[in-house]
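# Descriptive analysis of the structure
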Amino acid sequence: MVVLEGLRMRSERRPYTDALHAVLIHRGWFRGSKAMLSGMTVTGFRFTVNRRLTAESATAYNWHSENFLAADFTGMTSSQHMGFVFQPTWPLYRELAIAEIKASIDRGAGAVFWHGEFVVAAGYDDERSVLYYSDGRDSQLRELPYERFGNNGTPYWYYQIIEGRIPMDEHAIVKESFLQAIFKWETHDLALPERGYACGRAAYDAIVTALRSGDYDRDGARETFATYAAFKRDLAEYTAGAAGVRSQAAAVTREVDEHAAQRAGAWPEVAAAAECYGEVSRLFERIAAEPGLPDAERILLFEAARQAEEQAIAALKALVRETADNRYHDIGLR
Amino acid sequence: MSGVYLKDIRMKRESKSFADSLHAVLTAAGMFEGPKYMLSGLTGMAFKFSVHERLLPLSVSAYGNWGDEHSPGVDNIGVLTIWDGGRSRHPTFRFYQQDAIRWVKRSLDEGVGVIYWLPEFGVIHGYDDEDRIFYIQDGYSSDDRIVLYDNFGLNFTEFWYARTFGGAVRVPLETMVLESVRLALHDWDTPYRTLPNTDIGSGRLAYSYLTQALRSGDYDEGGARYILSSFVYARDEIRRYLAEVAHLWPQLAEAGSRYGELAGLFDGWSLENAQGLIGALEQAAALEERAMELFRELSRQYPDPRRDTVPRWGISSAR
């Protein structure tokens with residue numbers, strides 16, 4: 001039996017990012033806050049909704065490309081596998097999944113996997129054929145028999161192993177995240193049918209349309225808004241940190257402080273963006289905190305948030321104009 | 001172990017280079033039994049058809065993101081597959097390169113060849129730790145091509161790519177054939193596989209790109225020849241594939257005859273006779289459209305959870 005000491009995920013409404021953060025902090029591959037990780041990995045900039053505002057909204061994205069990129073943007077190397085549980089090859093992959101997750105734990109690193117939500121594998125016991133995992137609800141580890149891996153109430157199985165981290169210039173990581181933020185704002189996730197989902201700027205339109213029509217999933221909407229409130233708060237904190245401005249909402253990480261002065265001088269545009277994200281975050285906070293708000297009022301809040309986020313993106317665009325121009329029509333392609 | 005040389009792998013360029021490589025690796029490893037056209041049909045590789053607007057030779061292998069394009073086909077024949085690849089200019093490449101050198105060697109140690117982008121696709125069938133080299137078949141020459149460990153993944157394109165294979169499960173023929181028809185439909189219906197770029201058209205649109213270029217005369221001649229010979233070869237693979245599985249459903253037999261008619265249109269084709277070629281391509285597009293309607297009719301008779309479930313992977317914009 002092997003159980004990694006001190007590896008626990010704390011669920012704070014950031015699907016995937018909560019799990020990734022737990023693995024990285026435990027292994028010592030990252031020292032910053034979740035907000036920093038949300039920003040640098042670009043996961044916090046993703047804004048996708050199911051048009052009926054169902055609870056899947058925050059995890060409806062291309063895990064394969066986005067979770068690979070989350071690692072890649074920050075210099076982390078990873079391997080991942082995924083598929084439908086109804087594929088005939090699934091038993092082969094399940095065997096591989098268990099072997100790779102165990103090997104990762106033997107190397108001292110947890111593994112992210114999908115169990116109806118993103119959770120963290122923190123140990124295993126071959127004699128009992130079970131994985132131990134943390135789902136972030138409390139400090140308890142839960143058991144999952146090997147043969148039930150992938151049995152999670154959804155059609156998907158997925159896992160990601162983080163293998164290492166190469167040194168990268170933090171300034172370059174932050175700048176790339178801003179380029180990707182623009183990409184996320186403007187681009188639909190190709191893996192999702194547009195009739196069912198909306199991304200980035202278009203997600204605001206979809207929310208407003210759903211609220212106006214009244215045809216949406218009440219519980220799902222509450223869940224979705226709370227999740228994105230957490231991500232928008234991250235963006236406010238992240239951009240404030242990057243601008244060298246001390247965010248009032250949260251403590252700025254030590255790493256940011258080191259470069260704060262340098263950034264404050266170099267990146268006045270980020271301060272402008274941070275102010276806008278602060279406004280977006282406050283609006284989302286209100287939406288999430290008052291689920292009883294009439295839809296007509298919520299629509300106004302979302303419209304204001306959309307406007308503020310549009311301004312944030314405009315400020316980031318001004319900052320990365322030269323690189324963006326060099327990428328022509330394809331701002332996401334590094 | 002300081003080296004491995006798998007002698008039973010024989011890669012020969014006939015079909016698309018990926019299908020040629022796949023057939024060589026899986027046949028030698030005992031994970032697939034049968035002729036290449038069956039593999040090409042069952043994996044959907046034969047149906048992939050993409051054309052750059054200027055008929056550049058890269059068209060033939062530019063049918064999308066290789067990871068997402070190849071995996072469903074390999075999965076359909078019940079074989080576990082692992083791949084890696086990306087842009088060699090990205091900072092993490094060095095790590096993935098070293099990692100790949102390790103897993104490529106491990107695969108060879110286990111007797112399984114590895115598909116590798118040279119370009120085009122070839123098969124790594126040996127390594128030598130002393131000289132720090134891989135032996136690779138490109139399918140044209142019986143001599144090996146050599147790639148140094150240090151140069152693994154580096155080539156004149158921006159991309160690196162390698163794929164290996166694990167165990168296999170037996171999948172009923174009907175299941176594989178039905179899915180292959182659906183893979184074909186998906187390729188036929190998807191105009192752009194390399195978004196946000198739109199200079200390469202796929203499926204139905206590939207025909208238009210091809211005829212437009214031939215009409216304008218502004219195209220790469222070597223590329224045009226390569227595209228057309230690959231196109232003609234693939235249609236013949238499809239014809240033979242459908243003939244072999246025609247007993248399963250009447251739609252397959254009928255679609256097979258459409259491809260039979262289509263093959264006849266290109267006997268002795270030549271770029272010099274552009275008008276004739278354009279005419280043949282227009283007829284071919286109509287015949288293939290008819291075959292796809294038959295596939296669609298067949299597909300609709302059975303549930304299709306793979307496409308009725310929104311996936312969490314698949315097509316993405318390269319970043």
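Residues numbered from 1 in each chain as written. Chains lettered and ligands numbered in written order. Predicted model: local features only at pLDDT ≥ 70, side-chain atom pairs only at ≥ 80, totals over all residues. Heavy atoms only, no water.

### Observations concerning the pairing of strand β5 (residues 121–128) of chain B
Residues and elements named next belong to chain B.
- Taken across its eight residues, β5 has eight buried, putting it largely inside the fold.
- Relative to β5, strand β1 (residues 3–5) runs antiparallel, the two sharing three bridges. Paired with V4 across the two strands is Y127, which belongs to β5.
- Across four bridges, the pairing between strand β4 (residues 114–117) and β5 is antiparallel. (Buried < 20%, exposed > 50% of the residue type's maximum accessible area, 1.4 Å probe, protein only. Helix = DSSP H or I, 4+ residues; strand = E, 2+ residues; numbered from the N terminus. Pairing = 2+ DSSP bridges.)

### Focus: the domain arrangement of chain A
Residues and elements named next belong to chain A.
- The assigned domain composition of chain A is domain 1 (2–30 + 76–165) and domain 2 (170–326).
- Placing a centre on the C-alpha atoms of domain 1 and another on those of domain 2 gives a separation of 29 Å.
- Inspection of the region where domain 1 meets domain 2 yields two salt bridges.
- Where domain 1 meets domain 2, there are two residue pairs in polar contact (both at pLDDT 80 or more). (Domains from an automatic or database assignment. Salt bridge = Lys/Arg side-chain N within 4 Å of Asp/Glu carboxyl O. Polar contact = N/O pair within 3.5 Å; in protein donor to acceptor, adjacent residues only side chain to side chain.)

### Focus on the packing of aromatic side chains
- Applying the stated criterion to the full structure yields 51 aromatic pairs over all chains.
- Each ring, one from W63 of chain A and one from Y156 of chain A, has its centre 5.5 Å from the other, and the planes form 70°; the classification is edge-to-face. Linking W63 of chain A in helix α3 (residues 63–73) with Y156 of chain A in strand β8 (residues 156–165), this pair joins segments that are 93 residues apart in sequence. Grouping residues by exposure puts W63 of chain A and Y156 of chain A together as buried.
- Judged by centre distance (4.9 Å) and plane angle (45°), the ring pair of F134 of chain B and Y149 of chain B falls under tilted. Residue F134 of chain B is found in strand β6 (residues 133–137), and its partner Y149 of chain B is found in the loop between β7 (145–148) and β8 (159–168); the two are separated by 15 residues along the sequence.
- Taken together, the aromatic side chains of Y16, W63, F84, F86, W114, F118, Y156 and Y158 of chain A together with W313 of chain B make up a single cluster linked through ring pairs.
- Over the ring of F49 of chain B we find R235 of chain B, and its NZ or CZ is 5.1 Å from the ring centre. (Phe/Tyr/Trp six-rings, centres within 6.5 Å; stacked < 30°, edge-to-face > 60°. Lys NZ or Arg CZ within 6 Å of the ring centre and 35° of its normal.)

### A few points about the pattern of salt bridges
- Under the definition given, this model contains 64 salt bridges over all chains.
- Between R233 of chain A and E285 of chain A there is a salt bridge, with its nearest N and O atoms 3.0 Å apart. With R233 of chain A in helix α7 (residues 218–243) and E285 of chain A in helix α9 (residues 268–289), the pair connects residues that are 52 residues apart, well separated along the chain.
- You can call R233 of chain A partly exposed: its relative accessible area is 31%.
- E285 of chain A gets classed as partly exposed once you look at its relative accessible area, which sits at 31%.
- D99 of chain B is paired through a salt bridge with R102 of chain B; the nearest N and O atoms lie 3.5 Å apart. On the criterion of helical spacing, the pair formed by D99 of chain B and R102 of chain B is a turn pair, its members being three residues apart in helix α4 (residues 93–109).
- Exposure remark for D99 of chain B: the relative accessible area of 17% places this residue in the buried category.
- Take R102 of chain B: its relative accessible area is 47%, and that puts it in the partly exposed class.

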